[in-house]
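Summary of structural features
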Amino acid sequence: MTEGLRIAVPNKGRLKEPSTALLHDAGLSFESTDRALSVPVQNADLELIFVRTDDIPELVTDGVADVGITGYDLLAESELGASLKVLAELDYGHCRLAAAVPAHNSDISRWEAFSGSRIATSHPRVTGSFFADKDIDVKVVEFKGSVEVATKIGVADAIVDLVSTGSTLQINGLRAVGTVLESQAVLVAGERQNGTVARLASALSAVVTARRTRYLVLNAPEERVEEIAELVPGLRSPTVMPLQESGMVAIHTTVATSKVWDLLPRLEAAGGQDILVLPVHQML
Ligand code: AMP
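This report concerns the structure included in the present document.

Quick notes on the overall build of the protein chain
Assigned secondary structure in the protein chain consists of eight helices and 15 strands. Taking 19 Å as the expected radius of gyration for a compact globule of 284 residues, we find that the protein chain reaches 24 Å, considerably beyond that expectation. The principal-axis extents of the C-alpha atoms in the protein chain amount to approximately 80 × 50 × 35 Å. Burial statistics for the protein chain: of 284 residues in total, 46% are counted as buried. Nonlocal contacts in the protein chain, meaning residues at least 24 apart in sequence, comprise 69% of its contacts between residues at least 6 apart. Looking at the protein chain as shown, the accessible area adds up to about 15,300 Å², and 49% of this sits on carbon and sulfur atoms.

See the structure below:
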């Protein structure tokens, strides 16, 4: 028997679409709607509540939701975040909190050089404790949004802001000096950790792992199996099945998505034919 759970999911912003897609890919059926705050999952005793990404650490701590999906940066920034447990890293929403200074108007290029400077950020707690841990005295200026303009308007000497590619920094005439925190979307849970919480974490992790994996099917002459198996050892060892055609086998295995590009010509050179590369949906 499993008990019901309430899951807090981002209702807008960058993490909304990928979070909904992840829950669907994990096999949960629910209606994606912009209107309802709360939506039941049709094929499991789960309820989704759609709320602001930055409210999620607090809602889970307070027990309004049992688990939630949010950015690791928001968890680290939340006063209550420390009481929550990260159950799974979800491999989207990748970004970093970068410290940056005006590109042509600052000689800061290492952490110690920030000493005495004013730093604008929407992550004051993370920024404050990062510099305090390094014994560097800075003045943190809290900004709710548009942190990148803070140096232009003269309220700060540097900023600490979320970046993924760094192009926004460049457009705003800023130069990154270093990384304060690495972030991605995470599944977090509060105190109530039952079997259903573990099952959800495992189902989401199964999708995350599967997305990094491809299922590979190919035919090959029997005498080349060992050569091919060395290239694609799979999870345990490849499955090798005889074909109707004598002397030929089918080989089934899994490979890391990132290796596929490199592997295909090597498999062909090793005698692989009729190669299929297929998606994997979940991998436990
Ligand atoms: P939102 O402000 O609702 O779009 O969500 C912001 C969250 O998305 C942040 O707290 C991060 O966890 C994540 N994120 C991923 N990439 C970026 C980025 N380039 N800029 C800001 N937030 C990002």
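Now that the structure has been shown, the text picks up again.
Notes on the site of the ligand
Around the ligand, 14 residues are found, and the nearest of them are Gly13, Arg14, Asp73, Cys95 and Ser164. Between Asp73 and the ligand, the recorded distance is 2.5 Å, taken from a side-chain N or O atom to an oxygen atom. For the ligand, a nitrogen atom lies 2.8 Å from a polar atom in the side chain of Ser164. Summarising the interface, the protein chains cover 77% of the accessible area of the ligand, which totals 490 Å² for the free molecule. By residue class, the composition of the shell around the ligand is five nonpolar, six polar and three charged.

Considering the pairing of strand β4 (residues 67-71)
Burial analysis of β4 places five of its five residues in the buried class, the great majority of the element. Residues Val67, Ile69 and Gly71 line one face of β4 and the alternating positions Gly68 and Thr70 line the opposite face, and both faces are buried. Looking at chain direction, strand β1 (residues 5-10) and β4 are connected through two bridges and run parallel. Bridged to Ile7 within β4 is Val67.

So, helix α4 (residues 124-133)
Listing the buried residues of α4 in full gives Val126, Thr127, Phe130 and Phe131. Buried residues along α4 cover an arc of 120° about the axis, so they all sit on one side. Facing away from the buried side of α4 by more than 90 degrees, the exposed set consists of Ala132 and Asp133. Buried residues in α4 make contact with α3 (72-77), β6 (95-102), β7 (118-121), β8 (139-142), β9 (158-163) and β10 (174-183). Once α4 finishes, Asp135 follows within two positions and takes phi at roughly 60°, a positive value.

Focus on the side chain of Asp66
Position of Asp66 relative to the elements: it lies in the loop between α2 (56-61) and β4. Engagement of the side chain of Asp66 in a polar contact is seen with the backbone nitrogen of Arg6, the distance being 2.7 Å. When sequence neighbours within four positions are dropped, the list of residues in contact with Asp66 reads Leu5, Arg6, Val60, Val188, Ala189, Gly190 and Arg192.

Observations regarding helix α8 (residues 260-269)
In an α-helix, one full turn covers 3.6 residues, which means residues spaced three or four apart are oriented alike. When we look at burial in α8, the residues that qualify are Val260, Leu263 and Leu267. The buried residues of α8 all sit within an arc of 60° when viewed along its axis, so they share a single face. Those residues of α8 that are exposed and angled more than 90 degrees off the buried face are Trp261, Glu268 and Ala269. Contacts made by the buried residues of α8 are with β12 (213-221), α7 (225-231), β14 (248-256) and β15 (273-279).

Some thoughts on the sheet that holds β7
Spatially, β8-β7-β9-β6-β10 is the arrangement adopted by the five strands of the open sheet, whose pairing is mixed. Edge positions in the sheet fall to β8 and β10, since each has one partner strand and no second. Averaged over neighbouring strand pairs, the angle between their axes works out to 30° when direction is ignored.

Here is what the cut-offs are and how they apply
- Residues numbered from 1 in each chain as written.
- Predicted model: local features only at pLDDT ≥ 70, side-chain atom pairs only at ≥ 80, totals over all residues.
- Heavy atoms only, no water.
- Helix = DSSP H or I, 4+ residues; strand = E, 2+ residues; numbered from the N terminus.
- Rg over C-alpha atoms; globule rule 2.2 N^0.38 Å.
- Buried < 20%, exposed > 50% of the residue type's maximum accessible area, 1.4 Å probe, protein only.
- Contact = heavy atoms within 4.5 Å.
- Areas by Shrake-Rupley, 256 points an atom, 1.4 Å probe, with all protein chains shown as cover.
- Near = heavy atom within 4 Å.
- Polar contact = N/O pair within 3.5 Å; in protein donor to acceptor, adjacent residues only side chain to side chain.
- Nonpolar A, V, L, I, M, F, W, Y, C, P; charged D, E, K, R; others polar.
- Pairing = 2+ DSSP bridges.
- Arc of directions from axis to C-beta.
- Axes fitted to C-alpha atoms, helices over the stretch in contact; angles between N-to-C directions.

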